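So the chains spell out like this:
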Amino acid sequence: MAAGDEVTCRELLHQRICEGASRCEACEHLIVDAMHILGEAWRCDEINIYQERRACGISLKLIGELASELPEPSLQAPIAVGGAPEGDYYDLPTTLVQLALREIGWNAISVGNNLPLESIQSAASDYRADVVWLSVSEILDLPKFITAQRRLASSLDKEVRLFVGGRALTDEVRPKLRYTAHCDNIRQFIELANMMPLAFR
């Protein structure tokens, strides 16, 4: 990743998948771990910021390629919509949630990052989502975020589940929010999602 060797990164991902990992598991074990290490290396001035940004671009491209290999979701598939809130510029977590859900047959749509939560609510309404997710890696203005998040939760229909996760949702922040479930990682999210589809058919 640091060297920008996209070809080798792609080969390693496919090797892990051939060994039996799901696409999402391969991305978690390889891409996510690599990006955490690169982030620390950049903060310690061990690599240049352009290398970290280039690695982000490669990561998103490879995840997109893996997603394109999946079949289109069925018309009966449950629908999930999500993204990252205003001030959060991390694309990778919400893109991985989309891949993970698509891999288990959901119609999952990540609407991106740095979004007002009102926009995510609009997307949930437009798509008639069964589940809404919030990936929160960074909070720019905590009081504003808490107010907006609670407003989002209140605006959703009773049947719509709201899942939240991300490193910014600390033990101090979570009790101030409203949600159906908090997930520490994507595996937890998928375990919860796997319990739900039959209820929406």
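In what follows, the structure referred to is the one given above.
Asker: Would you take a moment to explain the layout of surface pockets for this structure?
Answerer: Here the idea is plain: a probe the size of a water molecule rolls over the atoms and shows the empty space left. There is about 1000 Å³ of room inside the largest pocket. Lining the largest pocket are 41 residues, with V32, H36, L92, P93 and S137 sitting closest to its centre. Only α2 (23-43), α3 (49-68), α4 (92-103), β3 (131-135), β4 (161-165), β5 (181-183) and α7 (186-194) provide two or more residues apiece to the lining of the largest pocket. In terms of residue count, the dominant contributor to the lining of the largest pocket is α2 (nine residues). Taken together, the residues of the lining of the largest pocket break down into 19 nonpolar, 12 polar and 10 charged.

Asker: It is not clear to me how the environment of G83 should be interpreted in this structure. Could you clarify?
Answerer: Here G83 shows up in strand β1 (residues 79-83). G83 gets classed as buried once you look at its relative accessible area, which sits at 0%. It is 16 Å that separates the C-alpha atoms of G83 and R178, two residues lying 95 residues apart in sequence. For G83, the contacting residues outside a window of four places in its chain are T94, V111, G112, I120, W133, L134 and S135.

Asker: Would you explain a nonpolar patch on the surface in this entry?
Answerer: On the surface, W42, I49 and Y50 cluster together into a nonpolar patch covering about 280 Å² of accessible area. For I49, a relative accessible area of 34% gives the class partly exposed.

Asker: How should the pattern of salt bridges be read in this particular structure?
Answerer: Any two side chains of opposite charge can pair, on the condition that their charged atoms come close. Tallying each qualifying case throughout the model produces 12 salt bridges. Between R10 and E65 there is a salt bridge, with its nearest N and O atoms 2.8 Å apart. One end of the pair, R10, is in helix α1 (residues 6-18); the other, E65, is in helix α3, and 55 residues separate them in sequence. Each of E6, R10, K61 and E65 takes part in one network of salt bridges that share partners.

Asker: Whenever I open this one, the packing of aromatic side chains confuses me. Can you help?
Answerer: Aromatic ring pairs are reported here in terms of the distance separating the ring centres and the angle at which the planes meet. Considering all chains together, one arrives at two aromatic pairs under this definition. A centroid spacing of 5.1 Å and a plane angle of 80 degrees characterise the contact between F163 and F189, whose relative ring orientation is edge-to-face. With F163 in strand β4 and F189 in helix α7, this residue pair connects regions lying 26 residues apart in the sequence. The exposure class assigned to F163 is buried, which follows from its relative accessible area of 2%. Among the residues examined, F189 registers a relative accessible area of 6% and is labelled buried. Feature note: the residues W133, F163 and F189 constitute an aromatic cluster, connected by ring pairs.

Asker: Sorry if this is basic, but what is going on with the packing of α2 against α3 here?
Answerer: Geometry of a packed helix pair, given as the angle between the helix axes and the separation of the axes. Taken N-terminus to C-terminus, the directions of α2 and α3 make an angle of 170 degrees; their axes are 10 Å apart at the nearest point. Judged on the interaxial angle alone, α3 and α2 are roughly antiparallel. Within the contact between the two elements, α2 uses R23, C27, I31, M35, L38 and W42 and α3 uses I49, E52, A55, C56, S59, L62, I63 and L66. Its residues placed into classes, the contact of α2 with α3 shows 11 nonpolar, one polar and two charged.

Asker: For this particular structure, what's the right way to read the nonpolar core?
Answerer: Side chains of nonpolar character tend, in soluble globular proteins, to be buried together. Ranked by size, the top nonpolar core spans 40 residues in total, and within it C27, I31, L96, L99, L101, W133 and F189 carry the most contacts. Secondary-structure elements contributing two or more residues to this core are α1, α2, α3, α4, β3, β5 and α7. Among the elements that make up this core, the one with the highest residue count is α2 (eight residues). Judged by nonpolar contacts, the second largest core, of 25 residues, contains I120, L152, A168 and L177.

Reading guide: rules and limits
- Sequence order as written defines residue numbering, which begins from 1 separately in each chain.
- Reporting of local features is limited, given that this is a predicted model, to residues whose pLDDT is at least 70; pairs of side-chain atoms are given and counted only at 80 or more, and all residues count toward the totals for whole chains, interfaces and linings.
- As a convention, hydrogens and water are excluded, and side-chain values are obtained from all of the structure's heavy atoms.
- As defined here, a cavity is a set of points on a 1 Å grid over the protein atoms alone where a 1.4 Å probe fits but cannot get out. A pocket is an open set with protein on both sides within 12 Å along at least five of seven lines, and residues line them when an atom is within 4 Å of a point.
- Grid points are joined across faces, edges and corners, and a volume is the space filled by probe spheres set on the points.
- Every helix listed is a DSSP run of H or I at least four residues long, and every strand listed is a run of E at least two residues long, numbered separately from the N terminus.
- Following the grouping adopted for this structure description, the nonpolar residues are Ala, Val, Leu, Ile, Met, Phe, Trp, Tyr, Cys and Pro, the charged ones are Asp, Glu, Lys and Arg, and the polar ones are all others, Gly among them.
- Relative accessibility under 20% of the residue-type maximum defines a buried residue, over 50% an exposed one, and the middle range a partly exposed one, all with a 1.4 Å probe and only protein chains included.
- Here a residue-residue contact requires only that any non-hydrogen atoms of the pair lie within 4.5 Å.
- The patches reported here contain residues having more than 30% relative accessible area and no salt bridge. Joining distances are 9 Å for like charges and 5 Å for nonpolar side chains (Val, Leu, Ile, Met, Phe, Trp, Tyr).
- Surface accessibility in these figures is a Shrake-Rupley result with a 1.4 Å probe; residues are shielded only by whichever protein chains are displayed.
- By salt bridge we mean one thing: a side-chain nitrogen of Lys or Arg within 4 Å of a carboxyl oxygen of Asp or Glu.
- Only the six-membered ring of Trp is used, alongside the rings of Phe and Tyr, when aromatic pairs are assigned; centres must lie within 6.5 Å, and planes under 30 degrees apart are stacked while those over 60 apart are edge-to-face, with the rest tilted.
- Between N-to-C directions, angles span 0 to 180 degrees; the directions come from axes that are lines fitted to C-alpha atoms, helices contributing only their stretch in contact.
- Roughly parallel here means an angle under 35 degrees, roughly antiparallel means over 145, roughly perpendicular means 65 to 115, and every remaining angle is called oblique.
- The definition of a nonpolar core used throughout is a set of buried Ala, Val, Leu, Ile, Met, Phe, Trp, Tyr and Cys residues joined through side-chain atoms within 4.5 Å.

All quantities given are derived from atomic positions and should not be read as evidence of function.
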